[in-house]
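Examining the three-dimensional arrangement
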Amino acid sequence: MAALPARRALLLAAALGPAGRRRLPRHHAPAAARLSSGAGGEAEAEGRAGPPALLRHLLLKLRATGPVTVAEYMREALTNPGQGYYTRRGGIGDSGDFITSPEISQLIGIWYISEWMAMGKPKAFQLVELGPGRGSLTDDILRVFKQLTSLLSKCDVSIHLVEVSPKLSKMQALMLTGGKVQSNPQEESAYMKGVSKTGIPIFWYRDIQDVPPGYSFYLAHEFFDALPIHKFQRTEKGWREVLVDIDPEIPDQLRFVLSPSSTPATENFIQPEETRDHVEVCPEAGVIIQRLACRIEKDGGAALVADYGHDGTKTDTFRGFRNHKLHDVLKDPGTADLTADVDFSYLRKMTQGRTATLGPIKQQEFLKNMGIDLRLQVLLQNSRDTATREQLLHSYDMLMNPKKMGDCFNFFALLPHHRLVHPDKKHKPESKSSLPPVAGFGELLLA
Ligand code: SAH
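What you see is a predicted model, and the numbers here were worked out from it, not measured in a lab. Within each chain, residue numbers correspond to sequence positions counted from 1 in written order. A pLDDT threshold of at least 70 governs which residues receive local features in this predicted model, and a stricter bar of 80 or more applies before side-chain atom pairs are shown or counted, although totals over entire chains, interfaces and linings include all residues. Neither water nor hydrogens contribute to the side-chain values; these are computed over all heavy atoms in the structure.

1. Focus: the overall build of the protein chain
Looking only at helices and strands, the protein chain features 18 helices and 18 strands. Per-residue burial over the protein chain gives 55% buried out of 447 residues. The contact definition used throughout considers only heavy atoms, calling two residues in contact when any of these lie within 4.5 Å. Here the analysis covers contacts within the protein chain between residues at least 6 apart in sequence; of these, 74% occur between residues at least 24 apart. To measure how exposed things are, a 1.4 Å probe is used in the Shrake-Rupley method; for residues, cover is taken only from the protein chains shown. Accessible surface computed for the protein chain: about 19,600 Å², of which carbon and sulfur atoms make up 53%. Strands are runs of DSSP state E lasting at least two residues, helices are runs of H or I lasting at least four, and both sets are numbered from the N terminus onward. Residue exposure (1.4 Å probe, protein chains only): buried if accessible area is under 20% of the type maximum, exposed if over 50%, otherwise partly exposed.

2. Regarding the sheet that holds strand S13 (residues 319-322)
Sheet strands associate in pairs through backbone hydrogen bonding, adopting either a parallel or an antiparallel arrangement. When DSSP finds two or more bridges between a pair of strands, those strands are recorded as paired. Pairing is antiparallel in the open sheet, where three strands are placed in the order S14-S13-S15. Two strands close off the open sheet at either side, each with one partner strand: strand S14 (325-327) and strand S15 (337-339). Neighbour-to-neighbour, the strand axes of the sheet open up by a mean angle of 40 degrees, direction not taken into account. Pairing between S13 and S15: three bridges, direction antiparallel. Its bridge partner being in S15, Arg319 is matched across the sheet by Thr339. Lines are fitted to the C-alpha atoms to define the axes, a helix being fitted only along its stretch in contact, and any angle between axes, read from their N-to-C directions, falls within 0 to 180 degrees.

3. Quick word on the environment of Gly301
Relative to the helices and strands, Gly301 is located in strand S12 (residues 301-310). Owing to a relative accessible area of 0%, Gly301 belongs among the buried residues under this scheme. Separated by 118 residues in sequence, Gly301 and Arg419 place their C-alpha atoms 9.6 Å apart. In this structure, Gly301 is in contact with Met119, Tyr215, Ser216, Phe217, Ile296 and Pro416, ignoring residues within four places of it in sequence.

4. Looking at the packing of helix H3 (residues 53-65) against helix H4 (residues 70-79)
Where H3 meets H4, the axes come as close as 10 Å, and the angle between the chain directions of the two elements is 150 degrees. Considering the angle they form, H3 stands roughly antiparallel to H4. Helix-helix and strand crossings are classified by hand; for H3 and H4 the assignment is right-handed. Residues Leu54, His57, Leu58 and Lys61 of H3 touch H4, and the partners they reach there are Glu72, Tyr73, Glu76 and Ala77. Amino acids are sorted into nonpolar (Ala, Val, Leu, Ile, Met, Phe, Trp, Tyr, Cys and Pro), charged (Asp, Glu, Lys and Arg) and polar (every other residue, Gly among them). Considered class by class, the residues forming the contact of H3 with H4 number four nonpolar, one polar and three charged. For classification purposes, an angle smaller than 35 degrees is called roughly parallel, one larger than 145 roughly antiparallel, one from 65 to 115 roughly perpendicular, and anything else oblique. Throughout, a crossing is termed right-handed when the near helix is turned clockwise from the far one, and left-handed when it is turned anticlockwise from it by less than a right angle.

5. Here's the deal with helix H15 (residues 386-400)
Residue count minus one, scaled by 1.5 Å, sets the expected span of a helix. With 15 residues, H15 should reach 21 Å at 1.5 Å per residue; the first-to-last C-alpha distance of 21 Å fits that figure. If you check which residues of H15 are buried, you get Leu392, Ser395, Tyr396, Met398, Leu399 and Met400.

6. Some remarks on helix H7 (residues 136-147)
Its 12 residues place the ends of H7 17 Å apart at the C-alpha level, agreeing with the 16 Å of an ideal helix rising 1.5 Å per residue. For H7, the buried fraction is high: 10 of the 12 residues fall into the buried class. All of the buried residues in H7 are Ser136, Leu137, Thr138, Asp139, Asp140, Ile141, Leu142, Arg143, Val144 and Phe145.

7. Remarks on the side chain of Asp343
You can see Asp343 is positioned in strand S16 (residues 342-343). The charged-residue count follows a simple rule in which Lys and Arg add positive charge and Asp and Glu add negative charge, with His and chain termini not counted at all. Throughout this description, the term salt bridge denotes a Lys or Arg side-chain nitrogen within 4 Å of a carboxyl oxygen of Asp or Glu. Among buried charged residues, Asp343 stands out as having no salt bridge; its nearest opposite-charge side chain is Arg276, 4.2 Å away. Here Gly312 takes part through its backbone nitrogen, which lies 3.2 Å from a polar atom of the side chain of Asp343. Sequence-distant contacts of Asp343, defined by excluding residues within four places in its chain, comprise Arg276, His310, Asp311 and Gly312. We define a polar contact as two N or O atoms separated by no more than 3.5 Å, with the added condition that, inside protein, one atom must be a possible hydrogen donor and the other a possible acceptor, whereas residues neighbouring each other in sequence contribute only through side-chain atom pairs.

8. Some words on the packing of aromatic side chains
In this description, an aromatic ring pair is defined by two values, namely the gap between the centres and the angle between the planes. Here the aromatic set is Phe, Tyr and Trp, taking the six-membered ring for Trp, and pairing holds for ring centres within 6.5 Å; pairs whose planes are under 30 degrees apart are stacked, those over 60 apart are edge-to-face, and all others are tilted. Per the stated rule, a full pass over the model turns up 13 aromatic pairs. Ring geometry for Phe366 versus Phe441: centroids 5.6 Å apart, planes at 75 degrees, classification edge-to-face. One end of the pair, Phe366, is in helix H13 (residues 363-369); the other, Phe441, is in the segment after helix H18 (423-427), and 75 residues separate them in sequence. Judged by relative accessible area, Phe366 falls into the buried class, the value being 0%.

9. Quick look at the pattern of salt bridges
Here the structure, examined in full by the defined rule, presents 18 salt bridges. Where Glu188 meets Lys193, a salt bridge forms, and the shortest distance between an N and an O atom there is 3.1 Å. For Arg319, the salt bridge is made with Asp341, and the minimal N-O distance between the two is 3.0 Å. In this pair, Arg319 is assigned in strand S13 and Asp341 in the loop between S15 and S16, connecting sequence segments 22 residues apart. Relative accessible area serves as the criterion here: at 0%, Arg319 is assigned to the buried category. Asp341 sits in the buried class, given a relative accessible area of 8%. One salt-bridge network, in which partners are shared between bridges, spans Lys61, Glu72 and Glu76.

10. Digging into the nonpolar core
Formed by 60 residues in total, the largest nonpolar core has its most connected members in Leu130, Phe224, Leu292 and Leu347. Here this core takes six residues from helix H11 (residues 283-299), the largest share from any one element. Once residues lying within four places of it in the same chain are set aside, the contact partners of Leu130 are Val162, Ile208, Leu219, Ala220, Phe223, Ile288 and Leu292. Counting 57 residues, the second-largest nonpolar core is a separate cluster that includes Leu142, Ile200, Trp204 and Leu392. Here, nonpolar core means buried Ala, Val, Leu, Ile, Met, Phe, Trp, Tyr and Cys residues that are tied together by side-chain atoms lying within 4.5 Å of each other.

11. Regarding the environment of Ala53
Summarising the element assignment, Ala53 is placed in helix H3. Taking the relative accessible area as the measure of exposure, Ala53 reaches 28% and is therefore partly exposed. Here the alpha-carbon distance between Ala53 and Asp332, two residues 279 residues apart in the chain, equals 9.7 Å.

12. Points about the pairing of strand S9 (residues 238-246)
By the criterion of burial, S9 is predominantly enclosed, with eight of the nine residues buried. Inspection of the sheet shows strand S1 (residues 68-69) paired to S9 by two bridges, in the antiparallel sense. Considered in S9, the bridge of Thr69 is made with Leu243. As paired elements, strand S8 (residues 230-235) and S9 share four bridges and run antiparallel to each other. The residue bridging Arg234 from the neighbouring strand is Trp239, located in S9.

Structure (structure tokens):
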């Protein structure tokens, strides 16, 4: 897939708040795009001799211990403490590799408010974002909350950000608090805390388990696709795991190999009824979804997962992006964003029935249900100049066109069972349920 257009209109930001920031989807490509070699190496680009530090580290490791799983390779490339793509560069290539569409974040803010109201306006809630990137989504959501102050005035709202990258957490702090934060606050499980420009307390954690229990709304926007996956290939001799090794032909180059026999992962992660020949599994995503489901079951709330993904149908989706262009996943580790489509069927399975699930629903349907068409009409009527109107239409096309983000970006939700099934209804199916529909999701599907 070619590079993304560099400028996009702020469709809904314009509707709800001051416009001005321009962002792009973090990556956008057909799921099974083939990856090509050839992007200039970091060492080349920086004019250094020998392989860059992370590749050197991986080469040493591979020489010492043999091939590693794709999951281990991906973890090193993205979150190695000194040299990972997120940890060192803060996920920023020359022109920013992951920048999420702001049009959606305003609607997400509205989704939480709508769920909060549907659940009887609890007196307090935590908004917990996993992998907040630069913090702009939370910033937009806080703007929506600010605009709805009269509605939320009696509600005790706090923000909790789960972020492993020190570099990104600094950027988030700058965006959300103007940089006024306290590190390692005593008597808190958070590693940093501050107060938003709008007066809401914000806390940072490395792990979801550190977030205090309580009624919470969770958000994972392009988070799960950044977690390490295992890859498996069906062979005549049975399932084999795809591993990363040194290419014996070309110095300092990595290549994929198949494990000579089955590995613990092939035994544990491949279902006997699997029909695909190539499968990707993200156990870390499974563990996190399990934790979210337990928390929602116990303390209440909801989770919204927005990501590129499929429902257990796709095969080879592992890919790299650098400066909005496809990038060979094995080339220059640490300099590119590596991602794999989220398998929503796996996430659904990992809730173990503790919560109900809705979706995945395609972005175009979710946004239609959230009223994007009406918003566009109002914005077009209110904008006088042709350039703004063109930008609005362009932005709408990027979000809704099935060939762009409309079909491949999905929304998926976890909700307490009682949010979807009236307690009376279980016993008296004929009784009329007064439960409001869940915004964004048309038909209600129970897990
Ligand atoms: N949600 C943002 C950014 C997505 S990029 C957006 O949609 O634009 C992925 C984010 O997840 C980054 O903030 C990255 O540092 C963070 N991340 C990656 N692996 C993580 C992990 N294991 N735990 C917590 N955060 C992680």
